[in-house]
Structures are given as C-alpha cells and as structure tokens.
Amino acid sequence: MKTHDSHRDSPEPDTLEGTLEANAAHYSEESFWDKVSHSARQAGRRTLTPALKMYYSAQDPETPLWAKTAIYGALGYFISPIDAIPDLTPFLGYTDDMGVLAGALAIVAAKINDKHREQARATLARWFG
C-alpha cells in the first residue's frame with residue numbers, strides 16, 4: 001500500500017512560489033468580485049481603491065511574483081469571512097481590511113502603474129458614479 005506524503009507534492013512554504021500558492025489558496029477571483037460587489041457601498045471608495053489597484057496589478061503578467069504574493073495575501077484577508085473586526089460592525093468593520101490593504105499597497109506601490117490606477121478608477125466610477 002502506497003502512502004501519500006502531502007509535503008512532497010506541494011512547493012516548499014519557505015520559497016516565494018510556495019508562499020504565493022499558500023496565499024492564492026485563500027484567494028479566488030470569484031470571491032474577490034463577490035465581496036467587492038456586495039460590499040461596495042458599505043466598504044466605500046477608501047477601502048476599495050487600494051484593493052482594486054492591487055487586483056489589477058496582480059492580473060498583469062509584468063508584476064513580479066514577490067509583489068503578487070503580497071497582493072494575494074492582502075486580498076485574501078480582505079475577502080475572508082473571518083476578520084479581526086467583523087465587516088458587519090458599523091463604522092469599524094472595514095478598518096482592519098483597510099490596514100492590511102494599506103500595508104500591502106505600501107510594499108507593492110512601485111509595481112502599480114498608471115494602467116492599474118486607471119482600471120481601478122473606471123471600476124469605481126461605474127460603482128459610485
């Protein structure tokens with residue numbers, strides 16, 4: 001009988017590729033769009049602006065793997081139903097999300113270009129007018 005060693009089939013967690021895979025496991029494009037479309041008004045432009053900039057940067061093949069790792073980690077936290085402060089809490093619900101997004105944005109800011117900013121602006125204009 002052959003046993004399965006799960007550690008052999010997945011990348012090493014201490015490598016950049018392993019970290020990206022671990023973060024990506026908590027993030028999905030469908031979950032991201034579901035979260036932002038259902039909470040756009042409540043979360044507001046202030047929360048969604050960095051999320052969208054990073055989302056569009058992560059979709060760009062020119063964005064390096066290390067930046068995508070940070071982005072997927074932050075977006076994974078943003079869409080997670082388990083938060084330090086529940087999103088349904090009035091006035092405070094998105095403060096932890098904003099903090100995580102702002103921290104990741106500071107790390108990857110140099111990899112967010114004008115195209116990513118414009119895509120985020122266009123999406124926000126459709127949602128908020």
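Notes on the structure follow. The structure presented is a predicted model; accordingly, all values stated were derived computationally and were not measured. (Residues numbered from 1 in each chain as written. Predicted model: local features only at pLDDT ≥ 70, side-chain atom pairs only at ≥ 80, totals over all residues. Heavy atoms only, no water.)

Overview of the environment of Thr-123
With respect to the helices and strands, Thr-123 occurs in helix H6 (residues 114-128). Thr-123 sits 74 residues away from Thr-49 along the chain, and the two C-alpha atoms are 9.4 Å apart. Ignoring anything within four residues of it in the chain, the contact list for Thr-123 reads Trp-33, Leu-52 and Tyr-56. (Helix = DSSP H or I, 4+ residues; strand = E, 2+ residues; numbered from the N terminus. Contact = heavy atoms within 4.5 Å.)

What about helix H5 (residues 95-108)?
An α-helix turns once every 3.6 residues. As a result, residues three or four positions apart point the same way. Given a rise of 1.5 Å per residue, 14 residues ought to cover 20 Å, and the 20 Å separating the end C-alpha atoms of H5 matches this to within 8%. Elements in contact with the buried residues of H5: helix H3 (29-59) and helix H4 (65-79). (Expected span 1.5 Å × (residues − 1).)

Re the packing of aromatic side chains
Counted by the stated rule, this structure contains seven aromatic pairs. Within the aromatic cluster, the residues linked to one another by ring pairs are Phe-32, Trp-33, Tyr-55, Tyr-56, Phe-78 and Trp-127. (Phe/Tyr/Trp six-rings, centres within 6.5 Å; stacked < 30°, edge-to-face > 60°.)

Examining the environment of Asn-113
Looking at where Asn-113 falls in the secondary structure, it is placed in the loop between H5 and H6. The exposure class assigned to Asn-113 is partly exposed, which follows from its relative accessible area of 31%. A sequence separation of 56 residues divides Asn-113 from Ser-57, and the C-alpha atoms of the two residues are 7.7 Å apart. Engagement of the side chain of Asn-113 in a polar contact is seen with the backbone nitrogen of Lys-115, the distance being 2.9 Å. (Buried < 20%, exposed > 50% of the residue type's maximum accessible area, 1.4 Å probe, protein only. Polar contact = N/O pair within 3.5 Å; in protein donor to acceptor, adjacent residues only side chain to side chain.)

Examining the environment of Lys-68
Structurally, Lys-68 is set in helix H4. Owing to a relative accessible area of 17%, Lys-68 belongs among the buried residues under this scheme. The spacing of Lys-68 and Val-108 is 40 residues in sequence and 8.5 Å in space, taken between C-alpha atoms.

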